[in-house]
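Remarks on the overall topology
This is what each chain is made of:
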Amino acid sequence: MERAELAGWLRLSLTPGIGDGAARRLLAAFGLPERIFAQPDAALREVVSLAQASALQQPPANLQAQIDLTWQWLHAGDNGASRRVVTLGDAGYPASLLEMVDPPLMLYVLGNADFDLAQLGHSIAVVGSRNPTPQGATNARSFARALGDAGLPVVSGLALGVDGAAHQGALDAAGDVPRLATVAVVGTGLDRVYPARHRDLAHRITQQGLIVSELPLGTPPLTQNFPKRNRLIAGLARGTLVVEAALQSGSLITARLTSEQGKEVFAIPGSIHSPQSRGCHALIRQGAKLVESVNDILEELPPMQARQAAAAPASHSSDGNGNGSGNGHDSTTDTSEDPLLVSLGHDPVSLDALSARTGWSAAALQAKMLELELDGHVARLPGGLFQRMAST
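Residues numbered from 1 in each chain as written. Predicted model: local features only at pLDDT ≥ 70, side-chain atom pairs only at ≥ 80, totals over all residues. Heavy atoms only, no water.

What follows concerns the confidence of the model for the chain. In the predicted model, the chain carries a mean pLDDT of 85, and 88% of its residues have values of at least 70. Throughout residues 304-336 the model reports pLDDT below 50, and contacts reaching past four residues in sequence, or to other chains, amount to 48 contacts. (pLDDT = per-residue confidence, 0-100. Contact = heavy atoms within 4.5 Å.)

This part is about unusual backbone geometry. In this chain, tyrosine 194 is followed by proline 195 through a cis amide linkage whose omega measures 0 degrees. Mapping proline 195 onto the fold places it in the loop between strand 5 (182-185) and helix 10 (199-208). Its identity is not glycine, yet leucine 158 carries a phi of approximately 65 degrees, on the positive side. For leucine 158, the position within the fold is in the loop between strand 4 (154-156) and helix 9 (162-174). Taking the relative accessible area as the measure of exposure, leucine 158 reaches 2% and is therefore buried. (Helix = DSSP H or I, 4+ residues; strand = E, 2+ residues; numbered from the N terminus. Buried < 20%, exposed > 50% of the residue type's maximum accessible area, 1.4 Å probe, protein only.)

As a further point, take the packing of helix 11 (residues 226-236) against helix 12 (residues 250-260). The geometry of helix 11 relative to helix 12 is characterised by a closest axis approach of 8 Å and an angle of 45 degrees between their N-to-C directions. One element, helix 11, and the other, helix 12, form an angle in the oblique class. In this structure, helix 11 meets helix 12 at a crossing whose hand is right-handed. On the side of helix 11, the interface is formed by Asn230, Arg231, Ile233 and Ala234, while helix 12 contributes Gly250, Ile253, Thr254, Leu257 and Thr258. (Axes fitted to C-alpha atoms, helices over the stretch in contact; angles between N-to-C directions. Parallel < 35°, antiparallel > 145°, perpendicular 65-115°, else oblique. Left-handed = near helix turned anticlockwise from the far one by under 90°.)

In this section: the pairing of strand 8 (residues 264-267). Across four bridges, strand 7 (residues 239-242) lies against strand 8 in parallel orientation. Counted as the bridge partner of leucine 241 is phenylalanine 266 from strand 8. With two bridges joining them, strand 8 and strand 9 (residues 289-290) adopt parallel strand pairing. Looking at the pairing, phenylalanine 266 lines up with lysine 289 of strand 9. On the question of chirality, the crossover connecting strand 8 to the parallel strand 9 by way of helix 13 (residues 275-285) is right-handed. (Pairing = 2+ DSSP bridges. Right-handed = clockwise from strand over helix to strand, strands pointing away.)

Taken together, the three strands give an open sheet; going across it, the order is 10-12-11, and neighbouring strands pair in antiparallel fashion. The outermost strands of the open sheet, each flanked by one partner alone, are strand 10 (349-350) and strand 11 (378-381). As judged from the two bridges shared by strand 10 and strand 12 (residues 385-388), these two strands associate in the antiparallel manner. By the bridge assignment for strand 12, valine 349 is matched with phenylalanine 386.

Counting residues in hydrophobic clusters, the biggest one holds 71 residues, and the most contacted among them are Leu12, Leu26 and Leu107. Looking at this core, the element that brings in the most residues is helix 1 (residues 3-14), giving six residues. Those residues in contact with leucine 26 that sit more than four places away from it in its chain are Leu12, Ile18, Gly31, Ile36, Leu44, Val47, Val48 and Leu56. Formed by 26 residues, the second largest nonpolar core is a distinct cluster that contains Phe143, Val243, Leu301 and Leu381. (Core = buried A, V, L, I, M, F, W, Y, C linked by side-chain atoms within 4.5 Å.)

Evaluation of the coordinates by the stated rule reveals two aromatic pairs. Judged by centre distance (6.3 Å) and plane angle (70 degrees), the ring pair of tryptophan 73 and tyrosine 108 falls under edge-to-face. Placement of the pair is tryptophan 73 in helix 6 (residues 63-74) and tyrosine 108 in strand 2 (residues 106-111), with a sequence separation of 35 residues. Note on accessibility: tryptophan 73 and tyrosine 108 belong to one class, buried. Each ring, one from tyrosine 194 and one from phenylalanine 226, has its centre 6.1 Å from the other, and the planes form 50 degrees; the classification is tilted. One end of the pair, tyrosine 194, is in the loop between strand 5 and helix 10; the other, phenylalanine 226, is in helix 11, with 32 residues separating them in the sequence. Look at tyrosine 194 and you get partly exposed, because its relative accessible area is 42%. Its guanidinium or amino end placed over the ring of phenylalanine 37, arginine 11 lies 3.9 Å from that ring's centre, counting from NZ or CZ. The ring of phenylalanine 226 has arginine 130 sitting right over it, with the charged end atom 5.9 Å from the ring centre. (Phe/Tyr/Trp six-rings, centres within 6.5 Å; stacked < 30°, edge-to-face > 60°. Lys NZ or Arg CZ within 6 Å of the ring centre and 35° of its normal.)

This is the structure in structure tokens:
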């Protein structure tokens, strides 16, 4: 991004009285920010109010300082992590956010240069209490790890408690494999880490994931910014898993926003005596899916579910004696002691995760999985996932 382009987007986002809604109307009417600021007052008043048109005529008082700060941040080194600003006009803007009623104008992104937010098509948000029970923290980490093993990135908010455990679990699943493991959406500018005790975790995320904010650099952790963060968590992910939550909590806001966007909400039940379970129980009463294992989540992802249902009869049929005959290939692979199938397990898994488990190279795994697929022992699922067929 050129400095002049950055300046235009910052001016639009920082102009007093111009919210995201007014900014989107201006962009739709005139094009990129530099064209908006070239319009006469009369043209602007056809799109926004008189007060807003007047505000657009004068650059914000802090604009130059913010341009300098952001430009320096973009070009500063950070142990190999890339720094980006993604705007509503960029081709790489996340498609899922465009489906929201109020997509942010700008996203600040910090993390591995090989990853982008378009890779989050099958991600799941994992959220919950900042003060979970020991079992709640364990559940968050173990479910996030299982989702990661299935090849799904985990989105959360970098907060203490469930959020931190979820990021840890997703990173556990990735191991040393270079893939997008987790995304942290934060309620501050990306030039600070909040809470401070998650500084080491944030660094790990920048190596195998991304940290994202819509807030300008320098923004402190203000209470009013966290609901905005929660809507981005809901917007980026395919669905939201609530691990533990009190009846009045930000996690329930994220769940509500997820539901309003037509996405799946999942909740883990707990003790009827625990205040931290009441939010999840309320969600279940309202229609959230009760979750006991990661399969309860995976089966609700429509493309994956549809592909599994379609692949089962087409990939393998049995004559009653276990002899496959439905795919036009002889079952020549001896799978009774096949160590790869043992490593594959019975949940959907990505080649990256399988490589981490087995130590096999990607090329060797590709060849072996094709062989097993042709023989009807493995189904290929959307998103680069593979699953062992039930008959093997």
